[in-house]
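Read off the chains here:
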Amino acid sequence: VSPPSCGAAMAAGEVCEAGSAEQFQQLLQQKERSLVVVHFWAPWAPQCAQMNEVMAALAKEHTQVTFVKLEAEAVPEVSEKYGISSVPTFLFFKNSQKVDRLDGAHAPELTKRVQRHASSSSLSAGSNDSVKEDLNVRLKKLINAAPCMLFMKGSPKEPRCGFSKQMVEILNKHGISFSSFDIFSDEEVRQGLKTYSNWPTYPQLYVSGELIGGLDIVKELEASGELDAVCPKVQKLENRLKALINKAPVMLFMKGSKQVAKCGFSKQIVEIMNNTGVDYETFDILEDEEVRQGLKTYSNWPTYPQLYVKGELVGGLDIIKELKETGELLPVLKGEN
């Protein structure tokens with residue numbers, strides 16, 4: 001079923017398709033003050049099909065956001081205007097103005113940005129003071145999002161400046177566990193954090209919500225031997241796997257999530273699990289290479305999906321199918337067997 005064209009009246013929760021530059025412009029003008037997310041895609045790229053599924057799931061969740069598919073090569077004037085050189089690429093618009101861009105098939109990052117922009121656009125425009133307060137609340141949350149938070153240019157895998165690259169290298173060398181935030185992804189955070197922390201440059205490193213400093217200070221701490229005492233160490237992999245396996249009574253390690261399965265086997269097991277009515281949590285092994293490889297060895301089970309009940313491995317899809325056929329699946333999931 002082809003998606004409705006953007007000119008048509010749209011049901012909330014659907015992805016529509018812009019077939020021309022005129023349709024695209026009309027859409028941006030008619031959707032003033034709300035968020036419009038546009039996926040520049042191509043039918044020949046499998047990662048685009050995957051991201052279209054992610055977008056369809058997001059559309060059902062964020063009914064106040066308009067999601068649009070635009071075939072990049074079919075509407076070249078729009079693609080050229082916004083410098084689209086590869087697919088998939090996502091552009092975010094508010095009040096007809098582009099506010100953000102995401103290149104590549106990064107489902108978690110797309111989800112994160114949709115949530116962020118949707119929540120900021122639903123805030124009523126109040127006084128500057130309340131806007132400032134909202135930003136400070138957000139910055140505080142970001143700073144405390146992990147025990148050790150690095151605000152940097154780019155990501156640990158792809159730093160986008162020499163100072164950020166050096167900072168990541170030092171933290172990795174010392175086995176320090178940290179999360180990061182790409183300040184290029186959010187101009188509001190980039191400018192606001194300088195004022196909030198009274199620190200004018202990036203990268204900035206925070207531990208337990210407190211600013212440690214930038215690259216020079218981290219280098220000084222490393223030279224004096226204090227860095228290891230200041231920053232939390234990476235959890236040993238085995239401890240981490242144990243904690244993940246026991247995160248919920250029923251844990252499914254799969255490709256994708258229960259909302260968007262990313263392989264046929266994972267999709268089948270999710271369908272079976274959903275039909276049991278038993279609560280379960282999922283972990284996307286595509287998002288964490290260390291867990292993906294480590295769990296195979298830890299559980300002595302070479303493939304995914306893998307299902308665990310109360311910390312014990314039940315098995316993969318074939319075993320779950322057998323248990324379903326013999327009527328044993330529900331008792332196993334409830335921990336009765």
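It should be noted that the structure appears before, not after, this text.
Along each chain, residue indices are assigned from 1 in the same order as the chain's sequence is written. In keeping with the predicted nature of the model, local features appear solely for residues at pLDDT of at least 70, side-chain atom pairs appear and are counted solely at 80 or more, and the whole-chain, interface and lining totals rest on all residues. In computing side-chain values, all of the structure's heavy atoms are included and hydrogens and water are not.

Enquirer: Please explain the overall build of the protein chain as it appears in this structure.
Expert: Across its full length, the protein chain carries 14 helices and 13 strands. Burial classes follow relative accessibility: with a 1.4 Å probe on protein chains only, a residue under 20% of its type's maximum area counts as buried, one over 50% as exposed, and anything between as partly exposed. Looking at the 337 residues of the protein chain, the share that counts as buried comes to 42%. Should any heavy atoms of two residues lie within 4.5 Å, those residues are considered in contact. A separation threshold of at least 6 residues defines the contact pool for the protein chain, and within that pool the share at least 24 residues apart is 63%. Summing over all exposed atoms, the protein chain offers an accessible surface of approximately 17800 Å²; the carbon and sulfur share of this is 49%. For the purposes of this entry, the term helix denotes a DSSP run of H or I that reaches at least four residues, the term strand denotes a run of E that reaches at least two, and both are numbered from the N terminus. The Shrake-Rupley method, run with a 1.4 Å probe sphere, supplies the accessible areas, and residue values consider only the shown protein chains as cover.

Enquirer: How do you make sense of the sheet that holds strand β4 (residues 89-94) when you look at a structure like this?
Expert: Whether parallel or antiparallel, the strands of a sheet pair through hydrogen bonds between backbone atoms. Spatially, β1-β3-β2-β4-β5 is the arrangement adopted by the five strands of the open sheet, whose pairing is mixed. Because the sheet does not close on itself, it has two edges, and the strands there are β1 (15-17) and β5 (97-103). For this sheet, the mean inter-axis angle between neighbouring strands, taken without regard to orientation, is 25 degrees. Pairing between two strands is assigned when DSSP locates at least 2 bridges connecting them. Note that β4 and β5 share six bridges and pair antiparallel. Each bridged residue has a counterpart across the sheet, and for T89 the counterpart in β5 is D103. An axis is simply a line fitted to the C-alpha atoms; with a helix, the fit covers only the stretch in contact. Between two such axes, the angle follows the N-to-C directions and lies from 0 to 180 degrees.

Enquirer: Looking at this structure, how should I read the nonpolar core?
Expert: As a rule of thumb, nonpolar side chains are buried together in soluble globular proteins. We call a set of buried Ala, Val, Leu, Ile, Met, Phe, Trp, Tyr and Cys residues a nonpolar core when their side-chain atoms join them within 4.5 Å. Grouped together as the largest cluster of nonpolar side chains are 23 residues, with contacts concentrated most on F24, V38, F40, L70, V78, Y82 and F93. Contributions of two or more residues to this core are made by α1 (21-30), β2 (35-41), β3 (66-71) and β4. Setting aside its immediate chain neighbours within four residues, F93 contacts F24, L28, S34, L35, V36, V38, Y82, K98 and V99. Formed by 19 residues, the second largest nonpolar core is a distinct cluster that contains L317, I320, V332 and L333.

Enquirer: Hey, could you run me through the sheet that holds strand β7 (residues 179-182) in this one?
Expert: One open sheet holds the four strands; their spatial order is β7-β6-β8-β9, and the pairing between them is mixed. Single-partner strands in this sheet number two, and they are β7 and β9 (210-213). Within this sheet the neighbouring strands show an average axis-to-axis angle of 25 degrees, counted without direction. Across four bridges, strand β6 (residues 148-152) lies against β7 in parallel orientation. Residue pairing for β7: L150 is matched across the bridge by S180.

Enquirer: Looking at this structure, how should I read the packing of helix α10 (residues 237-245) against helix α12 (residues 289-299)?
Expert: To describe two helices that pack against each other, one gives the angle between their axes and the distance between the axes. Contact geometry for α10 and α12: axes closest at 10 Å, N-to-C directions at 85 degrees. Regarding the angle of α10 to α12, the classification is roughly perpendicular. Note on element contacts: α12 touches α10 through E290, V291, G294, L295 and Y298, opposite L237, E238, R240, L241, K242, L244 and I245. Each residue belonging to the contact of α10 with α12 can be placed in one class, and the counts come to seven nonpolar, one polar and four charged. Each angle gets one of four labels, with under 35 degrees taken as roughly parallel, over 145 as roughly antiparallel, 65 to 115 as roughly perpendicular, and the rest as oblique. Under this grouping Gly is polar, as are all residues other than the nonpolar Ala, Val, Leu, Ile, Met, Phe, Trp, Tyr, Cys and Pro and the charged Asp, Glu, Lys and Arg.

Enquirer: Can you walk me through the environment of E169 in this structure?
Expert: Looking at the element boundaries, E169 is found in helix α6 (residues 162-173). Overall, E169 belongs to the partly exposed group, its relative accessible area being 44%.

Enquirer: Is there a simple way to explain the side chain of D100 in this structure?
Expert: Inspection of the secondary structure puts D100 in strand β5. Looking at D100, the relative accessible area reads 8%, which means it is buried. In this structure, D100 is in contact with F90, L91, F92, R113, R116, H117 and S185, ignoring residues within four places of it in sequence.

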